[in-house]
Amino acid sequence: MFRLIKKVFTQIKEDITTIYEKDPAARSILEVLFCYPGLQALIMHRIAHKLNYWHLYFIARCISNFSRFITGIEIHPNARIGRRFFIDHGMGVVIGETTIIGDDVLLYQGVTLGWSSRKNNKTELCNTRSTYA
């Protein structure tokens, strides 16, 4: 249990550092933590994703919907997101259930990722990408 908690906090710290380094408008770590909806949505997604993995689907979807309401960013709990992911100006971003995002990806506002079919189709963003609408 302690290993899981340590991993979560390490990942959140890495996400905060990534945003602070990539966004020239970020003035402090506290500003990034409290004023960046992309980070807030990502933290809630990581929690929802873990709950989804543990088959607690309803709770995961509730967290996902709460996150969308608060941040304007919709991330399905089943979406797989890599390390150092940054959503900048995230209003209107939708990341669907079948999406797989690699490491070091930067996403801007209005981007929709996902697939509209029930078949085993996936939307993948490889490592080190910038994507915008």
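See the structure printed just above.
Here is what the cut-offs are and how they apply
- Residues numbered from 1 in each chain as written.
- Predicted model: local features only at pLDDT ≥ 70, side-chain atom pairs only at ≥ 80, totals over all residues.
- Heavy atoms only, no water.
- Helix = DSSP H or I, 4+ residues; strand = E, 2+ residues; numbered from the N terminus.
- Contact = heavy atoms within 4.5 Å.
- Areas by Shrake-Rupley, 256 points an atom, 1.4 Å probe, with all protein chains shown as cover.
- Pairing = 2+ DSSP bridges.

A. Representation of the overall build of the protein chain. Across its full length, the protein chain carries four helices and nine strands. Along the chain direction, N to C, the helices and strands of the protein chain fall in the order α-α-α-α-β-β-β-β-β-β-β-β-β. Partitioning the intrachain contacts of the protein chain with sequence separation of at least 6 by distance along the chain shows that 31% fall at a separation of at least 24. Carbon and sulfur atoms make up 59% of the accessible area of the protein chain, which amounts to about 8500 Å² in all.

B. Structural context of the sheet that holds strand 7 (residues 112-113). An order of 1-4-7 is seen for the three strands of this open sheet, with the pairing classed as parallel. Two strands in the sheet have a free side with no partner beyond their single neighbour: strand 1 (74-75) and strand 7. Summarising the sheet, strand 1 and strand 4 (residues 94-95) pair through two bridges and their orientation is parallel. Residue pairing across strands places I75 opposite I95, the latter belonging to strand 4.

Take it as geometry only, folks, not as evidence of what the structure does.
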